[in-house]
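Below, each chain spelled out in residue letters.
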Amino acid sequence: MPMKLEIIGSRYSETMNFERINQWCGLNIILKDKCLDSLVNYFSNTKKLSLEEDIKIRIDDVEVGRKYYQLICINDREQLISVIKNMKTGLVIRLIQDQLTSFDNEYKLEELDSILISIFSDINAGLVSDLGNISLDYEREALWSMVQKSELKTENGDSLETLSTMELLDIFFNSLERICQTAPEKYLIVFKNIDHFVLRENYLKVVSRSYDNAYKYDTTYIFTTSLPRYVLPEDAVIEGITVFNNVVYSLPDNIHLKEFINDYYPCQKEFDIEEISNMICDIIHYINVSDLPVENLQSLVLQRMINKSNLENTNVFKNGNKIEIQYISGEDML
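Residues numbered from 1 in each chain as written. Predicted model: local features only at pLDDT ≥ 70, side-chain atom pairs only at ≥ 80, totals over all residues. Heavy atoms only, no water.

### Considering the sheet that holds strand 9 (residues 241-244)
Moving on, step 1. With mixed pairing, six strands are arranged side by side in an open sheet as 6-7-8-3-9-10. The outermost strands of the open sheet, each flanked by one partner alone, are strand 6 (70-74) and strand 10 (248-250). For this sheet the average axis-to-axis angle between neighbouring strands, irrespective of direction, equals 15°.
Moving on, step 2. Bridge count between strand 6 and strand 7 (residues 187-191): five bridges; the pairing is parallel. Its bridge partner lying in strand 7, I72 is registered against I189. (Pairing = 2+ DSSP bridges. Helix = DSSP H or I, 4+ residues; strand = E, 2+ residues; numbered from the N terminus. Axes fitted to C-alpha atoms, helices over the stretch in contact; angles between N-to-C directions.)

Have a look at this one:
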């Protein structure tokens, strides 16, 4: 059974599946962003929640605190570069610390420290002789400051901006994995609108790599998308797919999805998992909406089946006029 995430605000609440890999799809951008912003604001260590943001987060009916996750949020390519480059809050600085504290580098730092002490001593002797009772102060911490102020470059000395987005993502994941090995923490990693800066074929690779990372280390991912076919509906991650449209709908596992389709499809057809996955890619952003710009008839039928199933299983129209409900659900009235 998938875990459940509850986002409870002062004026709204939503419940959805919550797995290690979460793909948030759909065209209700306002609701999707509202839920995502609530999570990001809640788990952000730098943002103080206002009275209007009286948010509670529950995972499997257990309310979690604001420090439950270490948050990393990436909204675009520029922010991805910033996360990598930022020497104070980024990932690379921790790897540098590990390198500097190794035995070999510690010995080299001792040698460099002795050389700099000698240089500063000579400089200060000259200052006292020429100017009087003044001198330059030197502390070993200055070495660390020098490393912190060094700019990250590629191996060839080029700026990180010259790298492709996938090369940057490789650096990000490599760095994250090293950090999880040396200083493991519970991370929530958000890629907002990743379809705006990663091609679809690369998106599928990113989700697959995230899956490997999530179950090897204590990391949870949320990817938000809205462009056609940006979803990976493989069995390992399908229960983490949630669609934000007229209602919030989380997909079941592939076994139950296949049973549902083969049992209720309007004509005698048997679909395999690959065919079902392709149909899900067609309709993923249009579940629970009426318009579907897809030419595949079988995909259109599946969308209608899920829409009708969700309408029957929600309380949104429970107390409405029967004729109106029949009309909305597409039932014949003649």
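### Side note on the confidence of the model for the chain
Moving on, step 1. Across the chain, pLDDT averages 84, with 81% of residues at or above 70.
Moving on, step 2. Across the chain, strand 3 (residues 21-25) holds the top mean pLDDT of 98, while helix 11 (residues 322-328) sits lowest at 54.
Moving on, step 3. In the model, residues 312-319 has pLDDT below 50 throughout and makes five contacts with residues more than four positions away in sequence or in other chains. (pLDDT = per-residue confidence, 0-100. Contact = heavy atoms within 4.5 Å.)

### Some details on the packing of helix 6 (residues 165-182) against helix 7 (residues 200-216)
Any two packed helices are characterised by how steeply their axes cross, that is the angle between the axes, and by the distance between the axes.
Moving on, step 1. The N-to-C vectors of helix 6 and helix 7 enclose an angle of 5°; their axes lie 12 Å apart at closest approach. Taken together, the axes of helix 6 and helix 7 are roughly parallel relative to one another. Contact residues: helix 6 offers M166, L169, D170, F173, N174, L176 and E177, while helix 7 offers N202, K205, V206, R209, S210 and N213.
Moving on, step 2. Of the residues that constitute the contact of helix 6 with helix 7, the class distribution is five nonpolar, four polar and four charged. (Parallel < 35°, antiparallel > 145°, perpendicular 65-115°, else oblique. Nonpolar A, V, L, I, M, F, W, Y, C, P; charged D, E, K, R; others polar.)

### Description of the pairing of strand 3
Moving on, step 1. The buried count for strand 3 comes to five of five residues, which makes it a mostly enclosed element.
Moving on, step 2. Of the two faces of strand 3, the one lined by I21, Q23 and C25 and the one lined by N22 and W24 are each fully buried.
Moving on, step 3. Relative to strand 8 (residues 219-224), strand 3 is paired through four bridges, and the arrangement is parallel. Residue pairing for strand 8: W24 is matched across the bridge by T224.
Moving on, step 4. Pairing of strand 3 with strand 9 involves three bridges; the strand directions are parallel. Bridging across to strand 9, C25 finds its partner in V243. (Buried < 20%, exposed > 50% of the residue type's maximum accessible area, 1.4 Å probe, protein only.)

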